[in-house]
Amino acid sequence: MKKDEILPISNKKYKDAEFVILGVEDDSGSTYRKGSRYAPKLLRKFIEENKVDFTEKNKKSFFGLENKPFKANICDIGNFSVEESYKISEKIYSNKKKPVIIGGDHSITFKNLKSRQFENKWGIVYFDAHPDIISSRGVYFGSVINDISKLKNFNPQASFIIGMRTPEEEELKNIKKLGINVITPLDIEHYGILKISKKILRTLEKDTYLSIDMDVLDPAFAPGVTEPEPIGLTPTQVVYLCKQISKKGLFGFDVMELCPEYDLNNVTLHLAYRIILEIISSSK
Ligand SMILES: [Mn+2]
């Protein structure tokens, strides 16, 4: 890995890092637009070329409402194939560190969670326009939540799908069967973000994983995704909720389904990077 392909927020060696960033260059689990495999490389290229630097030396070190300096211990280890990423995730988890995965298609979330030993009950917060809970087919980007539901100690009642707006009939049945919580964009509009956020924080387990499909955002903000759907969340809503959840504690997170070929002026890549930074900066 060349030095300019490592993100500027990488400030520690692996052994001293709490967060370990890895890109996974794979879109074999996608059946719609291909191209998310290029996202990790192009995101790094964009950050390097545009000098998007939020490290303290650049003085842009303040995040969110708390104006907290950006002080997390981070090691960016580069980009990998999906097969390589399983072993890396296993190591990250066994070393009690937190993976930050840049996708790639959404099936990578399940493929890497499989590498963790789940000793306690745990849940997921899944930001996505689609519930990805198909059960008639497995281990692809439409079955992620159903695949995850079979992992040890998974608690669907302490899990959320946020931003859903295009479920299939089969998926609505599976949501009910599993008992997973769903929050739609209209729920956020109706109840207000504070009320929604309190409900999420009340419900989560101590062990929580956060997964973001960039298509949870409205295509006006994030056109460069695999499967865009109108009537999505705003960046501020996503970041607000993610920061609250991150403050409570996460054992890892990912940002998936970026599709740079359809992006406009790299706005989706830029937003994805900022979301990653905001989550890390709020971590407890
Ligand atoms: Mn999706």
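Because the structure is a prediction, the values reported are computed rather than measured. What you see as residue numbers is a count from 1 along each chain, following the sequence as written. The predicted origin of the model limits local features to residues at a pLDDT of at least 70 and limits the giving and counting of side-chain atom pairs to 80 or more, whereas totals for whole chains, interfaces and linings rest on all residues.

Q: I keep staring at helix α9 (residues 267-282) and nothing clicks. Help me out?
A: The periodicity of an α-helix, 3.6 residues per turn, causes residues three or four positions apart to be oriented the same way. In this model, α9 (16 residues) spans 23 Å end to end at C-alpha, consistent with the 22 Å of a helix rising 1.5 Å per residue. Counting other C-beta atoms within 10 Å of each residue's C-beta, where C-beta atoms are placed from the backbone, gives the exposure class: buried for 20 or more, exposed for 12 or fewer, partly exposed between. Secondary structure elements are defined from DSSP: runs of H or I of at least 4 residues count as helices, runs of E of at least 2 residues count as strands, and each element is numbered from the N terminus. In terms of burial, α9 is largely enclosed, as 13 of its 16 residues are buried. In a helix, the anticipated span is given by 1.5 Å times the number of residues less one.

Q: What is the right way to read the environment of Asp27 from this model?
A: Checked against the element boundaries, Asp27 lands in the loop between β1 (19-24) and α1 (39-49). Expressed as a C-alpha distance, the spacing of Asp27 and Ala17, which sit ten residues apart in the sequence, is 28 Å. For every residue pair, C-beta atoms are placed from the backbone, and the pair is scored as a contact if these atoms sit within 7 Å. With sequence-adjacent residues up to four places away left out, Asp27 is seen in contact with Lys34, Gly35, Ser36, Arg37, Gly104 and Asp105.

Q: Can you help me understand the packing of helix α8 (residues 235-248) against α9 in this one?
A: The packing of two helices is summarised by the inter-axis angle and the distance between the axes. Helix axes use the C-alpha atoms of the stretch in contact, all axes being lines fitted to C-alpha atoms, and the angles between their N-to-C directions lie in the range 0 to 180 degrees. Between α8 and α9, the shortest axis-to-axis distance is 8 Å and the interhelical angle comes to 30 degrees. Here α9 runs roughly parallel to α8, going by the angle between their axes. Where α8 crosses over α9, the two elements pack in a sense that is right-handed. Of the residues in α9, those touching α8 at Pro235, Val238, Val239, Cys242, Lys243, Ser246 and Lys247 are Leu271, Ile275, Glu278, Ile279 and Ser282. Tallied by class, the residues present in the contact of α8 with α9 amount to seven nonpolar, two polar and three charged. Small angles under 35 degrees read as roughly parallel and large ones over 145 as roughly antiparallel, with 65 to 115 read as roughly perpendicular and the rest as oblique. Helix crossings fall into two classes, left-handed where the near helix is turned counterclockwise from the far one by less than a right angle and right-handed where it is turned clockwise. Note that Gly is not counted as nonpolar here; it falls among the polar residues with everything else outside the nonpolar set of Ala, Val, Leu, Ile, Met, Phe, Trp, Tyr, Cys and Pro and the charged set of Asp, Glu, Lys and Arg.

Q: Sorry, what's going on with the sheet that holds strand β6 (residues 122-127) here?
A: Pairing between the strands of a sheet comes from backbone hydrogen bonds, and it takes one of two forms, parallel or antiparallel. Strand pairing is assigned whenever DSSP detects at least two bridges linking the two strands. The strand order β4-β1-β5-β10-β9-β6-β7-β8 describes an open sheet built from eight strands, whose pairing is parallel. Bordering the open sheet on either side are β4 (74-80) and β8 (181-183), each of which pairs with just one other strand. Neighbour-to-neighbour, the strand axes of the sheet open up by a mean angle of 15 degrees, direction not taken into account. Pairing of strand β7 (residues 160-162) with β8 involves three bridges; the strand directions are parallel. Its bridge partner being in β8, Ile161 is matched across the sheet by Val182. Set on the sheet, α8 makes contact with β6, β7 and β9 (207-213); between it and β9 the angle comes to about 160 degrees. Packing against the sheet, α9 makes contact with β1, β4, β5 (98-102), β9 and β10 (252-256), and its axis sits at approximately 170 degrees to β10.

Q: Explain the nonpolar core here, please?
A: One broad trend across soluble globular proteins is that nonpolar side chains are buried collectively. Counting residues in hydrophobic clusters, the biggest one holds 78 residues, and the most contacted among them are Ala272 and Ile275. Dropping the residues within four chain positions of it, Ile275 is found in contact with Ile212, Val238, Val239, Cys242 and Val255. Only buried Ala, Val, Leu, Ile, Met, Phe, Trp, Tyr and Cys residues enter a nonpolar core, and they are joined through C-beta atoms within 7 Å.

Q: I tried to follow helix α2 (residues 82-94) on my own but got confused; where do I start?
A: The first and last C-alpha atoms of α2 sit 19 Å apart over 13 residues, in line with the 18 Å expected at 1.5 Å per residue. Looking at the packing, one finds that the buried side of α2 touches β1, β4, β5 and α3 (107-113). Where α2 terminates, the next one or two residues include Lys96, which has phi positive at roughly 60 degrees.

Q: I keep staring at the pairing of β9 and nothing clicks. Help me out?
A: Along a regular strand, successive side chains alternate from one face of the sheet to the other. By the criterion of burial, β9 is predominantly enclosed, with six of the seven residues buried. In this sheet, β9 lies alongside β6 in parallel orientation, the contact comprising six bridges. Within β9, the position partnered with Trp122 by the bridge is Asp207. Here is how to tell: hold the view so the strands point away, follow the path from the first strand over the helix to the second, and if it runs clockwise the crossover is right-handed. Handedness of the crossover joining β9 and β10 through α8 is recorded here as right-handed.

Q: What is the right way to read the environment of Glu278 from this model?
A: Its location among the elements puts Glu278 in helix α9. A count of 20 C-beta atoms within 10 Å places Glu278 in the buried class. Sequence-wise, Glu278 and Lys176 are 102 residues apart; in three dimensions their C-alpha atoms are separated by 32 Å.

Q: Please explain unusual backbone geometry as it appears in this structure.
A: Only a minority of non-glycine residues have a phi that is not negative, and only a minority of peptide bonds are not trans. Looking along the chain, the bond that leaves Gly103 and enters Gly104 is cis, with omega of 15 degrees. Within the secondary structure, Gly104 is located in the loop between β5 and α3. Phi angles above zero are rare outside glycine, and Lys51 is one such case at about 50 degrees. Residue position: Lys51 is located in the loop between α1 and β2 (62-63). Not every positive phi belongs to a glycine, and Asn266 is a case in point at roughly 60 degrees. Here Asn266 lies in the loop between β10 and α9.

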